[in-house]
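Structural features, examined
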Amino acid sequence: CPPGWFTNTLTGAGAVDCDPCDPGRFSRDSREECQSCRAGQFSSSEHATACIECPEGQFASDSNSKSCLVCARGKSTASQTGRSQCDDCRAGYYVETEKSSACIGCPAGKYVEDTGSESSTACIRCGKGKYVEDTGSDSQDDCIPCNAGKYTEELGSDSFTACRQCRAGSTT
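The structure presented is a predicted model; accordingly, all values stated were derived computationally and were not measured.

1. Some points on the state of the cysteines
In the structure shown here, the tally under the stated rule is eight disulfides. Disulfide partner of Cys126: Cys143, at an S-S distance of 2.0 Å. The sign of the S-S torsion, about -75 degrees, decides the handedness of the disulfide formed by Cys126 and Cys143: left-handed. Here Cys126 is found in the loop between β14 (124–125) and β15 (130–131), whereas its partner Cys143 is found in the loop between β15 and β16 (144–145), with 17 residues between them in sequence. Pair check on accessibility: Cys126 and Cys143 agree, each one buried. Unpaired in terms of disulfides, Cys166 finds its nearest cysteine sulfur in Cys146, a separation of 8.6 Å.

2. Here's the deal with the pattern of salt bridges
Applying the stated rule across the entire model yields four salt bridges. Residues Arg38 and Glu53 are paired through a salt bridge, measuring 3.5 Å at the closest nitrogen-oxygen approach. Linking Arg38 in the loop between β4 (35–36) and β5 (41–42) with Glu53 in strand β6 (residues 52–53), this pair joins segments that are 15 residues apart in sequence. On the basis of relative accessible area, Glu53 is assigned to the partly exposed category, the value being 38%. Close ionic contact of Arg83 with Asp87 constitutes a salt bridge, the shortest N to O distance being 2.6 Å. Since its relative accessible area comes to 13%, Arg83 is described here as buried. Its relative accessible area of 28% is what places Asp87 among the partly exposed residues.

What counts, and at which threshold
- Residues numbered from 1 in each chain as written.
- Predicted model: local features only at pLDDT ≥ 70, side-chain atom pairs only at ≥ 80, totals over all residues.
- Heavy atoms only, no water.
- Disulfide = S-S within 2.5 Å.
- Helix = DSSP H or I, 4+ residues; strand = E, 2+ residues; numbered from the N terminus.
- Buried < 20%, exposed > 50% of the residue type's maximum accessible area, 1.4 Å probe, protein only.
- Salt bridge = Lys/Arg side-chain N within 4 Å of Asp/Glu carboxyl O.

Taken by themselves, the reported measurements are silent on function.
Now the structure itself:
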């Protein structure tokens, strides 16, 4: 039998009856039985000679997969192919679309403590008198207070330069 096919039966005259491997299975050469594609791979056609890794943003959790599924919002494949599952975006990150290969860090001035965030609106602005310069902050504790004698009335400040000098006679 050619690659992608398997020997089903021997006929009475010694001839070989060949059948194609089903989708989700493959055969590299005529001497082997059809094998299952492993989780993270798929084969969508009959008589496949190899399985294909699921692309970034997609996964196949079971063996014998005929296609890959897309990652839901709030999940990604962390820029990897051949994944058997999508992972929740870690704290400090989010993703708004399906089929994402990577999560996006909350912008400077914001943080999110939850995992699996599905929108940039999940990112919370640092309070008045605080700032955070890094993207992907995962805790309110990342918000840094302005130095003594300085303040900011803005929410979500992204730099120490947002902190202004207090007027004479005022304190923070």
